[in-house]
Amino acid sequence: MASEELVTLERLQAARKVVQQNPLFVRTPMLCHMQEHFRSMINPSTDVYLKLENTQITGSFKSRGVVNQFANIPDDVRSGEKMIVTCSAGNYGKSFSCMTKQLGLKALVVMPETAPVNRKQIIESNGATVELTPTSNIQATVERHVKDGMHLLHSYDDVHLIAGHGSLGLEILEDVPGPDIVLVCCGGGGVLSGVAAAIRLSGHTACKIYGVEPEGAPTMYESFKAGNAVAIPTVKSIAAGLAPPSAGKLTYKHCKSFVDDIILVTDEEIIKATSALYHAGFVVEPSGAAAFAALLARKIPDDITQKKVVVVLTGGNVTPQELCNLIKDK
């Protein structure tokens, strides 16, 4: 593995300064000793910390990476000479369009036809153009636009994006010195890569870092087994934000270098976690609750007695109706 393909601590620290200076970012709360709020579900001897990325201005962690991505775009893109294209079903597209609005840039977001209408409307309200296409045709559509001269910003497999997400890992270490276990959701692997790199490169080699994926979309899990980034033809999960068709090549390399393992959770476990969080006063989307699901379902392979366990709640972009439909029987 070529070391130059991986972020460095210096790069993570530089990206953090960029992220901190942008009004799209806020430093989110870290809630301590949260096992007391889930007494019937979590062993009270485990010290649980919740990092609330669902309270970001855009409703998810995505703004961290996006801000640093845009800080590193080429001059011909920044000047408006080249249009930007990306693909997203929701949270990335929202943060992406907020940044293009902030910078006054023209942009295109390719979205699957199955994307919720309100997600499309939010992106369009920020001035970006949306192109809907069948999920199976998304990659070919983006490639066509790039061939026609647009500049691609990848929604997870991008070193500047990963470095921006590393700011989350650095905050975790400031809020919880010496964490024993850190749980982070994994879709394409961007935020998991950044958080894990920040923790490891800061010298915390004993901390266990786990990515959490849905059983119906185990792209990073299967990549770990295969020894390289893999694609899965059919992925399906209630956590749509964690169901890309493939793991990123760059994110796989970061995860393999810095992450201990990938944990799989069922959709039922994700729904139960979303419901438990809601009844405790937290609005979290299913994708954002996956890491918490691993804790509630006792999927962590280590003994967590007397251990400090940090769980990142990555997003809260869910409508009241969607949330009600999801947890009505829980």
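Below, the structure is looked at part by part. (Residues numbered from 1 in each chain as written. Predicted model: local features only at pLDDT ≥ 70, side-chain atom pairs only at ≥ 80, totals over all residues. Heavy atoms only, no water.)

Things to note about the pattern of salt bridges
(1) Moving on: What the rule picks out here adds up to 16 salt bridges.
(2) Moving on: The shortest N-O distance in the salt bridge between D175 and K51 comes to 3.6 Å. Linking D175 in helix α7 (residues 159-175) with K51 in strand β2 (residues 47-52), this pair joins segments that are 124 residues apart in sequence.
(3) Moving on: Take K51: its relative accessible area is 0%, and that puts it in the buried class.
(4) Moving on: With its nearest N and O atoms 3.0 Å apart, the salt bridge here joins K120 to E124. Of this pair, K120 and E124 both sit in helix α5 (residues 117-125), four residues apart, which is roughly one turn of the helix.
(5) Moving on: You can call K120 partly exposed: its relative accessible area is 23%.
(6) Moving on: When its relative accessible area of 33% is taken as the criterion, E124 is described as partly exposed.
(7) Moving on: Salt bridges here are not isolated pairs; linked through shared partners, they connect R16, R27, K51, E53, R64, E171, E174 and D175. (Salt bridge = Lys/Arg side-chain N within 4 Å of Asp/Glu carboxyl O. Helix = DSSP H or I, 4+ residues; strand = E, 2+ residues; numbered from the N terminus. Buried < 20%, exposed > 50% of the residue type's maximum accessible area, 1.4 Å probe, protein only.)

Concerning the packing of helix α9 (residues 219-226) against helix α10 (residues 249-258)
(1) Moving on: The geometry of α9 relative to α10 is characterised by a closest axis approach of 11 Å and an angle of 70° between their N-to-C directions. Classed by the angle they form, the pair α9 and α10 counts as roughly perpendicular. For the pair α9 and α10, the crossing hand works out as right-handed. Residues M220, S223 and F224 of α9 touch α10, and the partners they reach there are T251, Y252, C255 and K256.
(2) Moving on: Its residues assigned to classes, the contact of α9 with α10 comprises four nonpolar, two polar and one charged. (Axes fitted to C-alpha atoms, helices over the stretch in contact; angles between N-to-C directions. Parallel < 35°, antiparallel > 145°, perpendicular 65-115°, else oblique. Left-handed = near helix turned anticlockwise from the far one by under 90°. Contact = heavy atoms within 4.5 Å. Nonpolar A, V, L, I, M, F, W, Y, C, P; charged D, E, K, R; others polar.)

Quick notes on the packing of aromatic side chains
(1) Moving on: Per the stated rule, a full pass over the model turns up four aromatic pairs.
(2) Moving on: Centroid distance F70 to F96: 5.6 Å. Interplanar angle 55°. Geometry classified as tilted. Separated by 26 residues along the polypeptide, F70 in helix α2 (residues 62-70) and F96 in helix α4 (residues 91-103) bring together distant segments of the chain. Each of the two residues, F70 as well as F96, counts as buried.
(3) Moving on: Cluster of aromatic residues (ring-pair linked, three or more members): F70, Y92 and F96.
(4) Moving on: Here K256 stacks its cationic end above the ring of F224, 4.6 Å away from the centre of that ring. (Phe/Tyr/Trp six-rings, centres within 6.5 Å; stacked < 30°, edge-to-face > 60°. Lys NZ or Arg CZ within 6 Å of the ring centre and 35° of its normal.)

Some points on the nonpolar core
(1) Moving on: Counting residues in each nonpolar core, the largest one holds 38 residues, and the members touching the most others are I172, V182, L192, V195, M220 and V259.
(2) Moving on: Within the residue set of this core, elements represented by two or more residues are α1 (9-20), α7, β7 (181-185), α8 (190-201), α9, α10 and β10 (308-313).
(3) Moving on: With sequence-adjacent residues up to four places away left out, V182 is seen in contact with I172, V195, I199, C207, K208, I209, Y210 and V310.
(4) Moving on: Of all hydrophobic cores here, the second largest spans 34 residues; its members include L50, Y210, A290 and I304. (Core = buried A, V, L, I, M, F, W, Y, C linked by side-chain atoms within 4.5 Å.)

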